[in-house]
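# Observations on chain architecture
Listed here are the chains, written in short residue letters.
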Amino acid sequence: MTLSQKGKHPGSKIIFSAFLQSLSSFLLAYMVVYLFSGLSVLYIAYDLDIPASLELNKISFGIPFDSSLWTRDAIVSVFMTQPVSSFIMGTISILMLLLIKPKQFWLQLFFIWFFLHGFNFTFGVLSEDIILQRGMFRVATVMDIRQVMLILTIGVSIFFLIKAGSLAGKLLYSKVFQLFHEGKHKRKWNLLLVIFLPYFVGSLLLLLLTLGKNDLKDYLLKIAMLVSLTSIIFTHISNNSVKSDKKPPKLLTGILLFAFTLIVMGVFFFRFTNGITLG
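## Some details on the overall build of the chain
The helix and strand tally for the chain stands at eight helices and two strands. In sequence order, the chain lays out its α and β elements as α-β-β-α-α-α-α-α-α-α. Across the 279 residues of the chain, 51% fall into the buried class. Distance between charge centroids for the chain: 20 Å, based on 25 positive and 12 negative side chains.

Below, the structure written as structure tokens:
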């Protein structure tokens, strides 16, 4: 039974711990998705003899795009790798959440954030590339996809971002401990403390991590994530689907997890500042 069901509001320690654990899960999930989707691109590029480097917030290629190495197949293979690998990772994270059924608050949120980041690096990146005419836009160019289809693709991508947020909302209420259980207004407070506040603080920390290297695409990706999160507000949840048997987050766990996350971010920063390569 949750604290709110007993007629009490959650204590400040529980609220602060929930925020810290969600923030840490947001940041850790982002770094894992970025790392493995980026390494997937490096592997494909290396296999095609295209020099590539994974940096803090982008993948740089060591040859100009008019090089003979950029064949049609190379362009399609390299630039589709990140969205495809991210989609696969996001889908797997949902399956793991449903199959493993973790009891830890932070791990439940980690899988949800992992799913959202995975889909953002799929459909958010797809929309951003088309708008900024890079990455997947080059794929569309070599495949001779017309402008009307590109506009339609942006619309479809936004649709899937919204659906991802809707699914995340249902999982949030059915699989994760609820700080506030009853009433729409209490659910909004739960969303603010566990989802939106960690998103804004986490996004700010990520932008600070890449300060001086940010460009428009970094902000567009954050906006794409916000599109998903906003749809959670409008997700219809039946009272029967809200779980009340989850354990509240512990403050010590939240502090230790956040400290660990800061260490990982430090390693992430120093390791990727100059980029990493394969071979």
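## Some words on the packing of helix H3 (residues 105-132) against helix H7 (residues 216-233)
In contact at an axis separation of 8 Å, H3 and H7 are set at 130° when each is read in the N-to-C sense. As judged from the angle between their axes, H3 and H7 are oblique. Like other packed secondary-structure pairs, H3 and H7 cross with a definite hand, here right-handed. Taken together, the residues of H7 that come into contact with H3 (itself represented by Trp113, Leu116, His117, Asn120, Gly124, Val125, Glu128 and Leu132) are Leu216, Lys217, Leu220, Leu221, Ala224, Met225, Ser228 and Leu229. For the contact of H3 with H7, the class distribution of residues is ten nonpolar, four polar and two charged.

## Here's the deal with the packing of aromatic side chains
For the structure on display, the rule yields 24 aromatic pairs. Seen in terms of ring centroids, Trp70 and Phe79 are 5.5 Å apart; in terms of plane orientation they differ by 15°. Their pairing is stacked. For the pair formed by Trp70 and Phe79, the shared burial category is buried. With a centroid separation of 5.1 Å and 40° between ring planes, the pair formed by Phe87 and Phe119 is classed as tilted. Taken together, the positions of Phe87 in helix H2 (residues 72-100) and Phe119 in helix H3 put the pair 32 residues apart, joining distant regions of the chain.

## What about a positive patch on the surface?
Taken together, the side chains of Lys101, Lys103, Lys247 and Lys250 make up a positively charged region of the molecular surface. Looking at where Lys250 falls in the secondary structure, it is placed in the loop between H7 and helix H8 (251-272). On the basis of relative accessibility, which here comes to 61%, the residue Lys250 falls in the exposed class.

## With respect to H8
Between its first and last C-alpha, H8 extends 31 Å over 22 residues, near the 32 Å set by a 1.5 Å rise per residue. Listed in full, the buried residues belonging to H8 are Gly254, Leu257, Thr261, Met265, Phe268 and Phe272. Down the axis, H8 shows its buried residues gathered within 85° of arc, on one side only. When the buried face of H8 is taken as reference, the exposed residues oriented beyond 90 degrees from it are Leu252, Leu256, Ile263, Val267 and Phe270.

## Quick word on a nonpolar patch on the surface
Together, Met80, Val84, Phe87, Ile88, Ile92, Leu95, Met96, Leu98, Leu99 and Ile100 give the surface a local cluster of nonpolar side chains, amounting to about 870 Å² of exposed area. When its relative accessible area of 36% is taken as the criterion, Phe87 is described as partly exposed.

## Points about the side chain of Lys222
Positionally, Lys222 belongs in helix H7. As a buried residue without a salt bridge, Lys222 has its nearest oppositely charged side chain in Asp218, at a separation of 5.2 Å. Excluding its chain neighbours within four sequence positions, the residues that come into contact with Lys222 are Tyr199, Ser203, Leu206 and Leu207.

## Things to note about unusual backbone geometry
Backbone geometry places Asp49, a non-glycine residue, at a positive phi of 65°. Examined against the element boundaries, Asp49 turns out to sit in the loop between helix H1 (12-47) and strand S1 (52-54). The exposure class assigned to Asp49 is exposed, which follows from its relative accessible area of 59%. With a phi close to 55°, Lys101 is a non-glycine residue in the positive phi region. Counting through the fold element by element, Lys101 comes out in the loop between H2 and H3. Classification of Lys101 as exposed rests on a relative accessible area of 52%.

## Things to note about H2
Over its 29 residues, H2 extends 41 Å from the first C-alpha to the last, a length consistent with the 42 Å expected when each residue adds 1.5 Å. Maximal helix bending in H2 amounts to about 40°, located at Thr81; proline Pro83 follows within four positions. Downstream of H2 by a residue or two, Lys101 has a phi angle that is positive, lying close to 55°.

## Concerning the pattern of salt bridges
Under the defined criterion, the tally for this structure stands at two salt bridges. Among the ionic pairs, Arg134 bridges to Asp215, the shortest N-O distance being 3.7 Å. Residue Arg134 is located in the loop between H3 and helix H4 (136-142), and its partner Asp215 is located in the loop between helix H6 (184-209) and H7; the two are separated by 81 residues in the primary sequence. Residue class for Asp215 comes out partly exposed when judged on its relative accessible area of 29%. One salt bridge connects Asp218 with Lys217, and the closest N-O pair in it is separated by 3.3 Å. Of the two residues examined, Asp218 and Lys217, each falls in the buried class.

Cut-offs used in this document
Residues numbered from 1 in each chain as written. Predicted model: local features only at pLDDT ≥ 70, side-chain atom pairs only at ≥ 80, totals over all residues. Heavy atoms only, no water. Helix = DSSP H or I, 4+ residues; strand = E, 2+ residues; numbered from the N terminus. Buried < 20%, exposed > 50% of the residue type's maximum accessible area, 1.4 Å probe, protein only. Lys, Arg positive; Asp, Glu negative; His and termini not counted. Charge placed at Lys NZ, Arg CZ, Asp CG, Glu CD. Axes fitted to C-alpha atoms, helices over the stretch in contact; angles between N-to-C directions. Parallel < 35°, antiparallel > 145°, perpendicular 65-115°, else oblique. Left-handed = near helix turned anticlockwise from the far one by under 90°. Contact = heavy atoms within 4.5 Å. Nonpolar A, V, L, I, M, F, W, Y, C, P; charged D, E, K, R; others polar. Phe/Tyr/Trp six-rings, centres within 6.5 Å; stacked < 30°, edge-to-face > 60°. Patch = residues over 30% accessible without salt bridge, like charges linked within 9 Å, V, L, I, M, F, W, Y side chains within 5 Å. Areas by Shrake-Rupley, 256 points an atom, 1.4 Å probe, with all protein chains shown as cover. Salt bridge = Lys/Arg side-chain N within 4 Å of Asp/Glu carboxyl O. Expected span 1.5 Å × (residues − 1). Arc of directions from axis to C-beta. Bend = angle between axes of the 7 residues up to and from the residue.

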